Amino acid sequence: MDHPISPETGLPMTFGIRPLKLTFGDHSLTVDMPGWYGATDEDAVFTQAGQQVYHRAMTTLKARAARLVEPVEIRRIRRKLKLSQREASRLIGGGPSAFQKYEAGDVLVSQAMSNLLRLLDHEPELLGQLVQAAE
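Residues numbered from 1 in each chain as written. Predicted model: local features only at pLDDT ≥ 70, side-chain atom pairs only at ≥ 80, totals over all residues. Heavy atoms only, no water.

With glycine set apart, most residues show a phi of negative sign, and most peptide bonds adopt trans. For R67, which is not glycine, the phi dihedral falls at a positive 60°. Looking at where R67 falls in the secondary structure, it is placed in the loop between helix 1 (48-66) and helix 2 (71-80). Notably, K82 is not glycine yet its phi reads approximately 60°, a positive angle. Position of K82 relative to the elements: it lies in the loop between helix 2 and helix 3 (85-92). Of the residues examined, K82 reaches a relative accessible area of 71% and is grouped as exposed. (Helix = DSSP H or I, 4+ residues; strand = E, 2+ residues; numbered from the N terminus. Buried < 20%, exposed > 50% of the residue type's maximum accessible area, 1.4 Å probe, protein only.)

Right under this line is the structure:
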């Protein structure tokens, strides 16, 4: 994309990465937001990459607000259990690429999945029962 023109000022915009504070409920998070910027941070057009950053940050904020396991914690728990993303999806559920989506922040986990992951985090030996059930 060539330098777009700001719809607000009519001046050319420049590409950059700027901090952006996002808020959901009582929770906030600052992310590095790629996009085309005009004279102010409010004068911005976000690229597809910027939209993905926004979506993933909002998934984290929604998880916090609902007290669900956040993407970074999902990855930590899966690794603690010594499972690949595909193995975790097969044994714990959610579909073949669920853990990739959960950990990236593309999909918000359900309350049931969040509860199961917390249980497995505290009692990892329970994974053996899921392995037996899957066989």
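Now that the structure has been shown, we can carry on.
What follows deals with the packing of helix 3 against helix 6 (residues 127-134). Following both chains from N to C, one finds helix 3 and helix 6 inclined at 75°, their axes separated by 9 Å at the closest point. Taken together, the axis directions place helix 3 and helix 6 in an arrangement best described as roughly perpendicular. On the side of helix 3, the interface is formed by R90, L91 and I92, while helix 6 contributes L127, L130, V131 and A134. The class makeup of the residues in the contact of helix 3 with helix 6 is six nonpolar, no polar and one charged. (Axes fitted to C-alpha atoms, helices over the stretch in contact; angles between N-to-C directions. Parallel < 35°, antiparallel > 145°, perpendicular 65-115°, else oblique. Contact = heavy atoms within 4.5 Å. Nonpolar A, V, L, I, M, F, W, Y, C, P; charged D, E, K, R; others polar.)

Here the focus is the pairing of strand 2 (residues 27-37). Summarising the sheet, strand 1 (residues 14-24) and strand 2 pair through 11 bridges and their orientation is antiparallel. Each residue of the ladder has a partner; that of F24, found in strand 2, is H27. Count of turn residues in the strand 1/strand 2 antiparallel hairpin: two residues, of which G25 carries a positive phi of about 60°. Where strand 2 meets strand 3 (residues 44-46), three bridges bridge the pair, whose relative direction is antiparallel. (Pairing = 2+ DSSP bridges.)

On to the packing of aromatic side chains, then. Evaluation of the coordinates by the stated rule reveals three aromatic pairs. Aromatic pair F15 and W36: ring centres 5.5 Å apart, planes at 70°, arrangement edge-to-face. Of this pair, F15 sits in strand 1 while W36 sits in strand 2; the two residues are 21 residues apart in sequence, bridging distant segments of the chain. For F15, a relative accessible area of 46% puts it in the partly exposed group. You can call W36 buried: its relative accessible area is 9%. Relative to F46, the ring of Y37 has its centre 6.1 Å away and its plane inclined at 75°; by these criteria the two rings are edge-to-face. The exposure class assigned to F46 is partly exposed, which follows from its relative accessible area of 32%. (Phe/Tyr/Trp six-rings, centres within 6.5 Å; stacked < 30°, edge-to-face > 60°.)

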